Structures are given as C-alpha cells and as structure tokens.
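Summary of structural features
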Amino acid sequence: MSETIEAVLTQYSRKSDDLIPILQGVQKEFGYVSLESVKKISRYLRITENQIYGVSSFYAQFRFDPPGRHSIKACLGTACHVRGGATLLEMLERGLGISCGETTPDKRFDLERVACLGCCALSPVVQIDKNIYSRMTVTKLTELLKEYE
Amino acid sequence: MTKEKRLSITIDNRNVEVRPGLTILQAARENNVFIPSLCTLEPLPSYGACRLCVVEVDGLRGFPTSCTTPVEDGMVIRTDTAEIKSLRQEVLKLLLSEHPASCLFCTEQNECKQFQGTIRKVGVTTGCRYCPNDNRCELQQVTEKIGLTETSYPVYYRGFPVEKYDPFYDRDYNLCILCGRCVRVCNNVRLNGTLSFKQRGKLTTIGPAFERSHLEAGCEFCGACVTVCPTGALSTKVSKWYGKPDNQVSTTCSYCSVGCQILLQTKNNEVLDALPDYESPVDHGLICVKGRFAIPEYVHSALRLSSPQRLTPVGYEDISWEQAITEAAEKLSGIKPEDCLVMVSPQLTNEDLFVTQQFVRQVMGSENIGSSMMSDLGNSLQMFMDLVLHTDFFDVIEKAEGVFTIGFDSTYGYSPIGISVKKAAQKGTTLITLDSVDSNLDMLSETVFKIEPSRWADFLDLFLDYSPKRSSEKRLADLVSLWGDDIERVNKLFLKSSSNVVIVGPKLIGATDAQGVMEKLIKMRDTFSWKVIVAHPYTNLAGMLAMGAFPGIKPGELLSDGDSRSPLTVQTNLSPLDLKKRRKVVYLIGEAPFDVIPECDYLIYQNGLPAESSRQPDLILPASLFTESGGTMMSVEGRVLPIQKAVEPYMNSKPDWWIMSNIAEKMNKGKMKYKDVSSIQGEIRKHIKGFPNIKKRLAFSKINVKGTGAVQVKSREGIFTQDSYRGIPLAEVVMGMKAIEERVQSISCSDKEAQ
C-alpha cells in the first residue's frame, strides 16, 4: 500500500496548497483516507496529521474508513422528499441498522443521503452503486436490496 | 528619525490619536475603551470568530467586527450604543445556546456576592461550583460586562463525556465555545499542530486526528491551550477545583538549563499552577510540560521530607534541627580533609552552590566537591563543560541559514529552542536532524539521519570532511554506502552558508563515545565557526562553575571580562576527583546518586524528597525547593535569572544554605554566617562584580584541564531520557510525567523493532 501512496504523492507538489487534490487522489485510489496515508501526506507536505484531518473532515467528500461493497444513496431533494423519500431513508436506516454516513458492520452497504440526483420526474429515487432506481416503494426497495450481496 | 504619522479618530465622541496599522479593537484598548471579545489572542492576527466586538463606524455598512477592521484617519467609531448593546446580547445568547449557563445566571447572584449566602445544599465557604473555571472565566466576565441576565434560546447541550484520559489537563468540550484560541495557539505559536477543528457546522469539535488521545497525537502538554481558553473547557488536573489564585510570583524554572520565566500561581501557601510569561526575553512564554505542569505536584508531593531524621537500629526517628545540626557537626569535625566527600546538585541556586563551596573549602579544608554529573560524563566532562559554557544565544537559530540537530527532541523539554528551530525551518532555513529515534523536528527536516548514537562521531567525521573515497576507511564504509548521497547533498547546502548552528540534546550525555562526538562539535565550532547550542538538564551548571562549586575552580575565576561568548583560553587547575575511594563521611546536597557514591561510614542526605535506594542515609535533612527559597541561577545562555520565593518552606524544611551555614557555625569554622540570601549575594559580589543584578550575559574563559577529569564509575547510559530534579526523576513524583515517560519508552522500543 505504501508504495501506491508514494506514487499518488509524487504527482503533486510539496506545497500545502496541494492538500485537497492529494486527499482526492488518495481517496480515488484507495476508496478512503486511511491513518497510514495521512501519515505519509504529513511527511510529504510538512504539516501535521491533525491539521490534515481537520481539513479533510470539514468536507463531506472524504471518508476515513474503508467503504462498503455497495453504496446506497437515498435522495431527499424536494421532489423525492414530497413523494416519500424520507420514509425510504428511514426504512433503510432501520433495515440496515445504521444511520446516514455509516457502513454496515459486514461491509455490505454504505448509506448516504443526497440532496438531488437530478431526475426529479422519477421521484422518489434511490441510487445503488451506479444504478438509479425510480418510483421506489418500501416493498420494491426491500426486494431490490437482495440483489446486492 | 521622522515622526510617525498618527491617525486621528473618534471613539465614543472622544478624539484620540493612534498609531497606524492598529485594528479598531487595539486602538480602543489602548485608549481604555472596553470592547468585549472572546477570540482575540495577541500577538496572533485577528480571527473574527466570536462576533462580540461589533462596533458602529460612520460610513461603513452594518456592524463591522472591530478586531478585523483597521483604523483609518478620521474614523468615527461608536462602541456602546443601545443598538450595539442589544446586538452583542443577541450574539452572546446564540453563543450560550451551547454553553451551560448555571454559572452565568443565577437569581441569587447579587446576594451571593455580597453575603456569600448560598442555596441550602451548598457549603457556605465553597459557594456553588459548577465549573472549575468559576471566578476566573473570561466568558463569565464578558457576560457580566455585556449585561446579559438570562438566555431565551433552548440550550443545545452536546453531552460529551469529559476527556480525562490524558495527563495534566481535562477537557470538557461541553463548555467549549469554539473561539479557536487553542487551535491557533497550538498551530501558530507552538508550531505543534495537535489541535484542529474537526467536522463542521454544529458537529464541530476540537481535537487531534482520528479520535486518538492527545498523547498519541504528539501533544507536547505545553498547556498553552489551557492558558488561553476563555472558558472552563480546558482545566489543569491538579488545581482544577482550587478556584482563583491569591497571588502570582515570577520566577525561573529550575528543571533544565534554558531558564524559562514562569508565573507561579499561589493560594494558601501552595503553588497551584505555573503559567508562561509571554513577556520573557528568555523563552517568550514557550515553556515546556515540565515548567507548565510538573511543578505543583513535585513541590507539594506527599513524599516530601518534613523533619530532620536520624537512623537508629529500629528505623528513622524524627529529631529537631538543633539535634540534627549538632549531630552533623560532630560527624564532620575532626576528620581529615580527604575523608569527606560533598556531592552537590547543579540544580541548586547560585547562592546555595556558593555556600557549598565555602563549606567544603573553609570548613572541611578540601576540594572534594563532586556532582553526579561527573560520573554521567566521565572522560567527556571537560569537553562538555567547554561546550556548555560557550553555548551561543538561542536567537542565533532564527538567523541561521543551516541548522543541524543531534539527539535533540523538543517535545517534552527545551521547547523554546525547538520552536525557534521550527520557525527557522518554516522560513526556509535548511534543517537536518541526526538521531536514533524519531524526533519532533523530523517533519520539517530536509534530511533525517537515523543513526545509532555509537556511530554519531563517525558520522560527524564523515560529514565534516566528505568524499566518496572515504568508503575505503573501514569504519566509515557502511555510512558512506547508506548515507553518502544524502551527506553530499546537504553538505553543499551547509558549505554555502556562513551561519550554521548545531544543537545538541541531552541524549549526547548518555551516548556511547560521547567524547568523540564532543571533539567533533568543538571542531565545528573552532575550525568551521558553527554556533553551538547545548540543551542539557544540569540546570545551573554555568552557575556551579561561576560560583566555584567544582574541584579546582575558585569563585568567579572562570568568568572572562568581555561579554563575548567566544572561548578565551585560561589555564585552570581542574583536578580529577576520585569517586571510588572509601570516605568517612559523604554529604549529599540535593543529590541522590546512590549508585555512584563510594562506600562510607556516615551518609548525610539533604534533599526535598527521599530517594529510592537500598542505601539508608544515617542522617536526613529536609531541604526546601526552588519555590520556597530565593536566589538566582545562571542559564546556559549565561543569563543571571532570579528565583523568587513563592511559598513558605514545606513543614520543617530549610534552605540548603541555612543548613550548611548552621553546621559551619556549630563547628566554629569558616566565615559563613548568613541571615538571608541577600547577605550571601553580598559575599558573592566580592568575586563577581555587580552580582546578582547583571544585565549582560556572562562570558566564560576556556577551561584547559590537565588529566582526564573524573573517573567514570559506571555506565549510566539511557538515564537521560529521564528528566529529574535534585536527583529524583520527575516521573516518580509527577503522575503525568510517568505517562509521558512510558510513551517515550514505547516509541523508542517500537522504533527499534521497526529497524
């Protein structure tokens, strides 16, 4: 792993301005920002691990634990909200036993809420991995989850 | 000099003139106009977080924050209109919606202040104690000034558990108002970077990365965050519930040779806390964990010796001072000069050390005045003293173009030096570090040389005279192959620059072949004109040599007239001291080197705390510590610094000089009857002009020693990872120092495994 981090780091300058691009690069490569990679970035940019964490935890885009195998994004944009998105999210939270932003202990699912997926005509919408599922209901969604292992 | 242009402004209908470049808040404070603020922190740039310092300025839209608005000529500022008042109250209410307010608003507040009559379930003498910071809280003061008496918003209480698992200070983030002072002081003043804001919005918290403890995250426990916190969120463990201190005494920390100025907070004859002095020219308020947190627990330790004690066949018996002094005088009378050995700690004050040498020379008629330092250093003693006495001023670090640190880590000590190095490196000075384990300076270092101490001398040899051909020399071959390229590269950088500084840490003392390393350091200084700074734990070593508390050195003899720190050669007759020879009496003054002192018939132990040893002293004399007796010390930079008495001596303990001069008086020998510290200073003045009011930094002559100095009795390698005061390791007395010590040990162990 450490060699790949080095490979990511060498694409960037050693100025602290490059911190966010580096974090994005690391997340793209490994799926998350690990303690180990923060340590490497710290040496590379000469800023402390704690400062790097402070910056990265500010942005919702960075995560600090390995992602699950599938990611579920429940849309709670205006249209989806009106057509029952919140019920879907609540059902997912209860069914999976996790809250938004968490990963199931078996690493099967990540759950996230998003503001809009840009297809309001199909609301309520749930995205699993790269697939968009339209006009979702609780029953449909329960069946759907079984397809993802 | 041209007269500085002044700006004319109007604050609250008053015309004042101020310097340009100030903010409105600074200008107002200079003119005694109160504007509340909870986030400003001089000398850091304004931050504008708390929004309490809003003012009205003619011609500016809305209500600008005064801490971020610079003054301009002709500005008309109003700080106290009804509108501003209500705006501030509103801001404060919002701020308090996350802060428990029971300490701020109380229906009985006025009566309570006047009569101390409290509600029935609370003790009358203690009053209510909701928060450790009660009565010394900036938020409380600001709330009172702003005149807020109730809050109308629902309290959004965050319900964090109080974090108590780290040493020295507790953190209750329920009280935090996110002003950012701690984060800024940690990152921008201490250059440490342990604290940062995590998450954002209402989820924001403060702390290190990844839920790690502060200890794991590299916190120095310098306490700067605790000092600047305007609420009770951060509080010192030892003095948490003691309330407001009564008195403050400025003194010098006696734990190492830097000589940081500290402000001791006292109450009821007890030291509660030690705060940094940001005005101090020595350390600029950048004290380390030892000065900040390790003093109250040490000086008020439950282990303190409280009364003179005599060893009897059935154990120790408490005796009076009269009896103790008579007994000591009897044992010391009528013995030959060579039969007595006095061991004295370099951590005593100049005055104590001066009286000690008088005692040894005038009363005992000998030169047998030793120190455990002699056995720590063995053959390298003379070179070490030479390096220490000609240590350069710390301000050369920030002016240097190249800095080289050897065995130096400033996490838990010597932080004024470490922070200067960090500042220099951030400004672009080339920094290289040489150590066997990770150092806190590695992050900013151009190259980290990780090499065992036994090879440091070889490394320096190679560094000072590099050529790839030297791999033909057998002892250097592996260093050339491992580090050759790095040495060549950094060498070029250092050769280019004319102002290089080398900083050596206390690890040098315990290093194998310390002598070889010191030889190279002296060569760097004398031949290549590097500046040398030695960070060492023997607090008043310079004073010890100036006072002549050393065999063969008379008081004042080593001081040179000039104020230059460059070495002048003067021959002195520094004689080696035999630490192995059996003696009749051994007298330990502030020392506990039971593993190096010789066999003896009678052992006198004079110290503040008992030492852990199987050897039982025959007579124990309780001595007062540096918080309890006045005097001066001489820092490694050659500054004469005052040590002020902050509290009365603990129980029946007495200052070291008092004990010695009383024994001498009893023996009817020597002219050393002193009433107080100033009478000793008068005597010292005969040898050192102007003492102790010496403004310039003292310079020393070069020591040239015949012979090898003291004999190394026993290898004490590794002992210098431990900080001690008067021979007692701080980790044995101060709980938090133990946690720190364990952490240091575990890092160096895991580091060795990794290799």
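Residues numbered from 1 in each chain as written. Chains lettered and ligands numbered in written order. Predicted model: local features only at pLDDT ≥ 70, side-chain atom pairs only at ≥ 80, totals over all residues. Heavy atoms only, no water.

1. Overview of the overall build of chain A
Convention followed: Where helices and strands are cited, they refer to DSSP runs of H or I of at least four residues and of E of at least two residues respectively, numbered from the N terminus. A 1.4 Å probe rolled over the protein chains alone gives each residue an accessible area, and that area as a share of the maximum for its type sets the label: buried under 20%, exposed over 50%, partly exposed in between. Should any heavy atoms of two residues lie within 4.5 Å, those residues are considered in contact. Areas reported here follow the Shrake-Rupley algorithm with a probe of radius 1.4 Å; residue values treat only the protein chains shown as occluding. For the charge count, each Lys or Arg is scored as positive and each Asp or Glu as negative, with His and the chain ends excluded. Note on charges: their place is set at NZ of Lys, CZ of Arg, CG of Asp or CD of Glu.
Helix and strand counts for chain A come out as 7 helices and 4 strands. Secondary structure elements in chain A, listed N-terminal to C-terminal, are α-α-α-α-β-α-α-β-β-β-α. For chain A, the proportion of its 149 residues judged to be buried stands at 46%. Contacts spanning at least 24 positions in sequence make up 60% of the contacts within chain A whose residues lie at least 6 apart. Accessible surface, chain A: about 7900 Å² in total, of which carbon and sulfur atoms supply 52%. Charged side chains of chain A number 19 positive and 18 negative; the gap between the two group centres comes to 3 Å.

2. Things to note about the interface of chain B and chain A
We count it as follows: In this description, buried area is defined as the sum, over both parts, of the accessible area (probe of 1.4 Å) that is lost when the two are combined. Think of a salt bridge as a Lys or Arg side-chain nitrogen and an Asp or Glu carboxyl oxygen that are within 4 Å of each other. Identification of polar contacts relies on pairs of N or O atoms within 3.5 Å, with a donor-acceptor requirement for protein atoms, meaning one able to donate a hydrogen and the other able to accept it, and with residues adjacent in sequence counted only if both atoms are side-chain atoms. Under the scheme applied, nonpolar residues are Ala, Val, Leu, Ile, Met, Phe, Trp, Tyr, Cys and Pro; charged residues are Asp, Glu, Lys and Arg; polar residues are all the others, including Gly.
Counting residues at the interface gives 21 residues for chain B, matched by 19 residues for chain A. Summed over both partners, the interface of chain B with chain A buries about 1600 Å², with 53% contributed by carbon and sulfur atoms. Summed over the shared surface of chain B and chain A, the result is 1 salt bridge. For Arg212(B), the salt bridge identified is with Glu49(A), shortest N-O distance 2.5 Å. Counting across the interface, chain B meets chain A through 10 residue pairs in polar contact (both at pLDDT 80 or more). A per-element tally of the side of chain B that touches chain A places strand 6 (residues 196-198) of chain B first, with 3 residues. Split into classes, the residues belonging to the side of chain B that touches chain A amount to 7 nonpolar, 7 polar and 7 charged.

3. Remarks on the state of the cysteines
Residue and element names in this part refer to chain B. Inclusion rule: Any pair of cysteine sulfurs within 2.5 Å is marked as a disulfide.
This model, assessed by the stated rule, comprises 0 disulfides over all chains. Left unpaired, Cys253 is separated from the closest cysteine sulfur, that of Cys260, by 6.3 Å. Here Cys288 is not disulfide-linked; the sulfur of Cys256 is the nearest cysteine sulfur, at 6.1 Å.

4. Digging into the sheet that holds strand 4 (residues 131-133) of chain A
Residue and element names in this part refer to chain A. Worth spelling out the cut-off: Between any two strands, at least two bridges found by DSSP are needed for them to pair. In this analysis, axes come from line fits to C-alpha atoms, helices being fitted only over the stretch in contact, and the angle between any two N-to-C directions falls in the range 0 to 180 degrees.
The 4 strands are arranged 2-1-3-4 in an open sheet whose pairing can be described as mixed. Bordering the open sheet on either side are strand 2 (109-114) and strand 4, each of which pairs with just one other strand. For this sheet, the mean angle separating the axes of adjacent strands, direction not counted, is 20 degrees. The pairing of strand 3 (residues 126-128) with strand 4 spans 3 bridges and is classified as antiparallel. Across the sheet, residue Gln127 finds its bridge partner in strand 4, namely Ile132.

5. What to know about the domain arrangement of chain B
All names here are of chain B. Note the cut-off: Residue ranges for the domains originate in an automatic or database domain assignment.
Domain boundaries assigned for chain B yield domain 1 (7-80), domain 2 (158-301 + 743-755) and domain 3 (309-384 + 542-732). Between the C-alpha centres of domain 1 and domain 2 there is a distance of 31 Å. Domain 1 puts 10 residues into the contact, and the matching count from domain 2 is 11 residues. Summed over both sides, the interface between domain 1 and domain 2 buries roughly 810 Å², with carbon and sulfur atoms accounting for 64% of that surface.

6. Side note on the packing of aromatic side chains
Residues and elements named next belong to chain B. Which entries qualify depends on this criterion: Geometry of aromatic contacts follows a simple scheme: Phe, Tyr and Trp rings, the Trp one being its six-membered ring, pair when their centres are within 6.5 Å, and the pair is stacked under 30 degrees between planes, edge-to-face over 60, tilted otherwise. In this analysis the charged atom, NZ for Lys or CZ for Arg, is taken to sit over a ring once it is within 6 Å of the ring centre and within 35 degrees of the ring normal.
Scanning all chains against the criterion turns up 27 aromatic pairs over all chains. Plain terms: the ring middles of Phe404 and Phe463 are 5.1 Å apart, the flat faces sit at 50 degrees to each other, and that makes the pair tilted. Here Phe463 lies in helix 14 (residues 456-464) and Phe404 lies in strand 16 (residues 402-406), a separation of 59 residues in the sequence. Residue Phe463 is classed as buried on the basis of its relative accessible area, which comes to 1%. Members of the aromatic cluster, each reached through a chain of ring pairs, are Phe404, Phe449, Phe459, Phe463, Trp483, Phe494 and Trp530. Positioned over the ring face of Phe34 is Lys145, at 4.3 Å from the centre of the ring.

7. With respect to the environment of Cys253(B)
Residues and elements named next belong to chain B. Note that Cys253 resides in the loop between strand 9 (247-252) and strand 10 (261-267). With a relative accessible area of 7%, Cys253 lands in the buried category. C-alpha separation for the pair Cys253 and Leu94, spaced 159 residues apart in sequence, amounts to 42 Å. Every residue in contact with Cys253, bar those within four places of it in the chain, is listed here: Gly259, Cys260, Ile262, Gly291, Phe626 and Met633.

8. Some details on the domain arrangement of chain A
As assigned here, chain A comprises domain 1 (2-58) and domain 2 (70-147). Domain 1 of chain A and domain 2 of chain A are separated by 31 Å when their C-alpha centres are compared.

9. Details of the pairing of strand 27 (residues 640-643) of chain B
Residue and element names in this part refer to chain B. Sheet topology note: the strand 26 (residues 631-634)/strand 27 ladder contains 4 bridges and is antiparallel. Note that in strand 27 the partner of Thr632 across the bridge is Pro642. Counted between consecutive antiparallel strands, the loop separating strand 26 from strand 27 contains 5 residues, among which Gly638 sits at a positive phi close to 90 degrees.

10. Notes on the nonpolar core
Residue and element names in this part refer to chain B. Our working rule: What we call a nonpolar core is a set of buried Ala, Val, Leu, Ile, Met, Phe, Trp, Tyr and Cys residues that are connected through their side-chain atoms within 4.5 Å.
Tyr298, Phe404 and Ile663 are the most contacted members of the largest nonpolar core, which totals 188 residues. Three or more residues apiece are contributed to this core by two domains, here domain 2 (158-301 + 743-755) and domain 3 (309-384 + 542-732). When near neighbours in sequence (up to four residues on either side) are disregarded, Phe404 contacts Ile432, Leu434, Phe459, Leu460, Phe463, Phe494, Val501, Val502, Ile503, Met524 and Trp530.

11. Digging into the pattern of salt bridges
All names here are of chain B. Tallied over the entire structure, the rule returns 46 salt bridges over all chains. The salt bridge involving Asp58 is made with Arg78; its shortest N-O contact spans 2.8 Å. Of the two residues, Asp58 is situated in the loop between strand 3 (56-57) and strand 4 (76-78) and Arg78 in strand 4; the sequence distance between them amounts to 20 residues. You can call Asp58 partly exposed: its relative accessible area is 44%. Here Arg78 falls in the partly exposed class, since its relative accessible area comes to 25%. Asp386 is paired through a salt bridge with Arg525; the nearest N and O atoms lie 3.1 Å apart. Taken together, the positions of Asp386 in helix 11 (residues 381-389) and Arg525 in helix 17 (residues 514-526) put the pair 139 residues apart, joining distant regions of the chain. Comparing Asp386 with Arg525 shows no difference in burial state: the two are buried.

12. Observations concerning helix 13 (residues 415-427) of chain B
Residue and element names in this part refer to chain B. Note the cut-off: Under the convention used throughout, the expected extent of a helix is 1.5 Å for every residue step, that is, one less than its residue count.
Its 13 residues place the ends of helix 13 18 Å apart at the C-alpha level, agreeing with the 18 Å of an ideal helix rising 1.5 Å per residue. With 10 of 13 residues buried, helix 13 lies mostly within the body of the structure. For helix 13, the full list of buried residues reads Ser415, Pro416, Ile417, Gly418, Ile419, Ser420, Val421, Lys422, Ala424 and Ala425. Buried residues in helix 13 make contact with helix 5 (181-189), helix 12 (396-399), strand 16, strand 17 (430-435), strand 19 (500-504) and strand 20 (531-534). Note on helix 13: the residue one or two positions beyond its end, Gly428, has a positive phi of about 115 degrees.

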